[in-house]
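Structural description and commentary
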Amino acid sequence: QVQLVESGGGLVQPWGSLRLRCAASGSPFNIYTVAWYRQAPGKQREKVATVTRGGNTNYADSVKGRFTISRDNAKNTVYLQMNVLKPEDTAVYYCNTDERVHGILFSWGQGTQVAVSL
């Protein structure tokens, strides 16, 4: 079974940047299309970015042009570079398989908290 561990979150001011990391262990993660999701307080979890095994990416409109998803298949790791952060980006961020391609295949990790505030 794959274990997902997200890290890299924190408190940042608007217009700041963070780089999130998702490390997978227990099984090859690099064969899947992977996504970053986020869940803000009182809201449903939403998908913000996806990356295929070959490196093709897709983004939610709300983050397009500001976020960049990437992966290192050799390290079983996926990243989310977040620039020009806005208060509405505040959420707990998670990674998992792309729900549209594979469904959610693995147990959710603990996530990493991102807070954007002055």
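Details of the structure are given in the entry above.
Let me sum up the structure you'll find in this document. (Residues numbered from 1 in each chain as written. Predicted model: local features only at pLDDT ≥ 70, side-chain atom pairs only at ≥ 80, totals over all residues. Heavy atoms only, no water.)

1. Things to note about the sheet that holds strand β10 (residues 112–116)
The cut-off we apply is this: Any two strands with at least two DSSP-identified bridges between them are counted as paired. Counting from the N terminus, the helices are DSSP H or I runs at least four residues long and the strands are E runs at least two residues long. Orientation is described by axes fitted as lines to C-alpha atoms, over the contacting stretch for helices, and by angles from 0 to 180 degrees between their N-to-C directions.
If you trace the six strands from one edge of the open sheet to the other, you get β2-β10-β9-β4-β5-β6, paired in mixed fashion. A strand with exactly one partner marks an edge of an open sheet, and here the two such strands are β2 (10–12) and β6 (57–59). Recorded for the sheet is a direction-independent mean angle of 25° between the axes of neighbouring strands.

2. A few points about the pairing of strand β4 (residues 34–39)
Test applied: Each residue gets one of three labels from its accessible area relative to the maximum for its type: buried under 20%, exposed over 50%, partly exposed in between, using a 1.4 Å probe on protein chains only.
Most of β4 sits inside the fold, with five of its six residues counted as buried. For β4 and strand β5 (residues 46–51), the ladder comprises five bridges, and the chain directions are antiparallel. Across the sheet, the residue bridging to Trp36 is Ala49, located in β5. The turn linking β4 back onto β5 is made up of six residues, and Gly42 within it adopts a positive phi angle of 75°. As paired strands, β4 and strand β9 (residues 91–97) are joined by six bridges and run antiparallel to one another. In the strand pairing of β9, Val34 is matched with Thr97.

3. Digging into the state of the cysteines
Heads up, the condition is: Two cysteine sulfur atoms form a disulfide, by the criterion used here, when they sit within 2.5 Å.
Summed over all chains, the structure comprises one disulfide. Paired by a disulfide, Cys22 and Cys95 hold their sulfur atoms 1.9 Å apart. Note on the Cys22 and Cys95 pair: the S-S dihedral is about 65°, so by sign convention the disulfide is right-handed. One end of the pair, Cys22, is in strand β3 (residues 18–25); the other, Cys95, is in strand β9, and 73 residues separate them in sequence. Considered together, Cys22 and Cys95 belong to a single accessibility category, that of buried residues.

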